[in-house]
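Here are the chains, one letter per residue:
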Amino acid sequence: MERAMKRASATLALVVGAGLLAAPMIAAGMGSGGSGGGGMPSGMSGMSQQYDPAQEYQRGEAALQAGKYRDAEDAFQHVVDSTPRAAKAWLMLGMSRAGLGDEKGAEKAYERSVKLDDSSIDAHRELALAYLKLKQPDKANAEIAALKARASACNDACPDAADLKAALDAIQAATAAATPSAANAAPASLSLATPQMGDGAYVRAVSLINERRWDEALAALDKAEAAIGPHPDILTYKGYVWRKKGDWGQAESYYRQALAMNPNHRGATEYYGELKVLEGDVAGAKALLARLDAACSYGCAEAEELRLWIDHGGDPAS
């Protein structure tokens, strides 16, 4: 992966929304992703699913911000149907349902989001507010206690300090008013997101990965996903960061999600193969290499890198 990240050099003009965004193209295997385009995640097209999850996510987010909750629900339902492990899409689906007054439906979506990503402050916040609206104080208090414990451990010194405080303040205000209407509103960090901001967060994440600042990189990738939606490039980088953090199970989950969205994604195929080598599954790694060889008619850097890993029995740079 480190070698692939050093290959970044080109600059590319991208059409994002209604305008042009000039941004660096990063990591040859990631920018092209085997999807035929290249560039930032918000420019993705040509997905094999009936619905493009990234495009549907952005459509849903725009509808949610405009108060068009039925359209938002429709779009986010398409996302979770295509990518059922997209935690942020479940969160947004919950907010869409809350806007429609479907509190039970919102509760189920928030619970799914929390189950998929227990670290999400926004999901715990919205779930606590939903429980309050549904008059389930015990469940609400459990969510509040979990957020307070994280805030106490953070002690105003971690990157999530401001978000934790904002979440607890929102819940406190809703409790005091006895009408937690804030559950229908997107958190500011989400409502202000745009595809351009997502691309910026994505580039920032790559820089942080190069600096081996894993937790900050994950936070940046989360911001990119919140703005852009599920995208195989983002998911592949998340897998890589979790691998470097030592959680191979999480890493595999993200690689599999990326490949479920785009089975020909060269970056995800390579890095999943590297993980197989680390796990001692040489046969699995060779199977992934065969997929790369079949996809790269004239050879490609991803196949050569994975071949080196297999021959070396691990990272050839170590």
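Description of the structure in this document. (Residues numbered from 1 in each chain as written. Predicted model: local features only at pLDDT ≥ 70, side-chain atom pairs only at ≥ 80, totals over all residues. Heavy atoms only, no water.)

**Digging into the packing of helix H4 (residues 69–82) against helix H5 (residues 87–99)**
Then, in step 1: Where H4 meets H5, the closest approach of the two axes is 8 Å, and the angle between their N-to-C directions is 155°. The angle between H4 and H5 falls in the class roughly antiparallel. Judged by the twist between their axes, the crossing of H4 over H5 is left-handed. Residues Tyr69, Ala72, Glu73, Phe76, Gln77, Val79 and Val80 of H4 lie in contact with H5, whose contacting residues are Ala89, Trp90, Met92, Leu93, Ser96, Arg97 and Gly99.
Then, in step 2: For the contact of H4 with H5, the class distribution of residues is 9 nonpolar, 3 polar and 2 charged. (Axes fitted to C-alpha atoms, helices over the stretch in contact; angles between N-to-C directions. Helix = DSSP H or I, 4+ residues; strand = E, 2+ residues; numbered from the N terminus. Parallel < 35°, antiparallel > 145°, perpendicular 65-115°, else oblique. Left-handed = near helix turned anticlockwise from the far one by under 90°. Contact = heavy atoms within 4.5 Å. Nonpolar A, V, L, I, M, F, W, Y, C, P; charged D, E, K, R; others polar.)

**Quick look at the state of the cysteines**
Then, in step 1: Tallying each qualifying case throughout the model produces 2 disulfides.
Then, in step 2: Residue Cys154 pairs covalently with Cys158 via a disulfide, S to S 2.0 Å. Negative torsions about the S-S bond denote left-handed disulfides, and the value of about -105° found for Cys154 with Cys158 makes this one left-handed.
Then, in step 3: Judged by relative accessible area, Cys158 falls into the partly exposed class, the value being 26%.
Then, in step 4: A disulfide bridge connects Cys296 with Cys300, and the sulfur atoms are separated by 2.1 Å. An S-S torsion of about 65° defines the bridge between Cys296 and Cys300 as right-handed. Cys300 matches Cys296 in its accessibility class, with the two residues each being buried. (Disulfide = S-S within 2.5 Å. Buried < 20%, exposed > 50% of the residue type's maximum accessible area, 1.4 Å probe, protein only.)

**With respect to helix H17 (residues 301–312)**
Then, in step 1: Between its first and last C-alpha atoms H17 spans 16 Å; for 12 residues at 1.5 Å apiece the expected length is 16 Å, and the two agree.
Then, in step 2: Buried within H17 are the following residues: Glu302, Ala303, Glu305, Leu306, Trp309 and Ile310. One side of H17 holds all its buried residues, which, seen down the axis, span an arc of 165°.
Then, in step 3: A positive backbone phi angle near 75° is found at Gly313, which sits one or two residues after H17. (Expected span 1.5 Å × (residues − 1). Arc of directions from axis to C-beta.)

**Notes on the packing of aromatic side chains**
Then, in step 1: Counting across every chain of the model gives 5 aromatic pairs.
Then, in step 2: Look at Tyr57 and Phe76: their rings are 5.4 Å apart centre to centre, the planes differ by 80°, and that puts the pair in the edge-to-face class. Within this pair, whereas Tyr57 is found in helix H3 (residues 53–65), its partner Phe76 is found in helix H4, the two being separated by 19 residues in sequence. Accessibility classification places Tyr57 together with Phe76 in one group, the buried group.
Then, in step 3: With a centroid separation of 6.1 Å and an interplanar angle of 75°, the aromatic rings of Trp214 and Tyr240 are classed as edge-to-face. Of this pair, Trp214 sits in helix H12 (residues 214–228) while Tyr240 sits in helix H13 (residues 232–244), and the two are 26 residues apart along the sequence.
Then, in step 4: Classification of Trp214 as buried rests on a relative accessible area of 14%. (Phe/Tyr/Trp six-rings, centres within 6.5 Å; stacked < 30°, edge-to-face > 60°.)

**Topic: the pattern of salt bridges**
Then, in step 1: Enumeration over the complete set of coordinates arrives at 20 salt bridges.
Then, in step 2: Across the salt bridge formed by Arg59 and Asp74, the nearest N and O atoms sit 3.1 Å from each other. You can see Arg59 sitting in helix H3 and its partner Asp74 sitting in helix H4, a full 15 residues away along the chain.
Then, in step 3: According to the relative accessible area criterion, Arg59 is partly exposed, its value standing at 33%. (Salt bridge = Lys/Arg side-chain N within 4 Å of Asp/Glu carboxyl O.)

**Quick notes on the packing of H5 against helix H6 (residues 103–116)**
Then, in step 1: One can describe the packing of H5 onto H6 by two numbers: an axis separation of 8 Å at closest approach and a directional angle of 165°. Relative to H6, the element H5 is oriented roughly antiparallel. Handedness of the crossing formed by H5 with H6: left-handed. Within the contact between the two elements, H5 uses Ala87, Trp90, Leu91, Leu93, Gly94, Met95, Arg97 and Ala98 and H6 uses Glu103, Gly105, Ala106, Ala109, Tyr110, Arg112, Ser113 and Leu116.
Then, in step 2: Among the residues forming the contact of H5 with H6, the class breakdown is 10 nonpolar, 3 polar and 3 charged.

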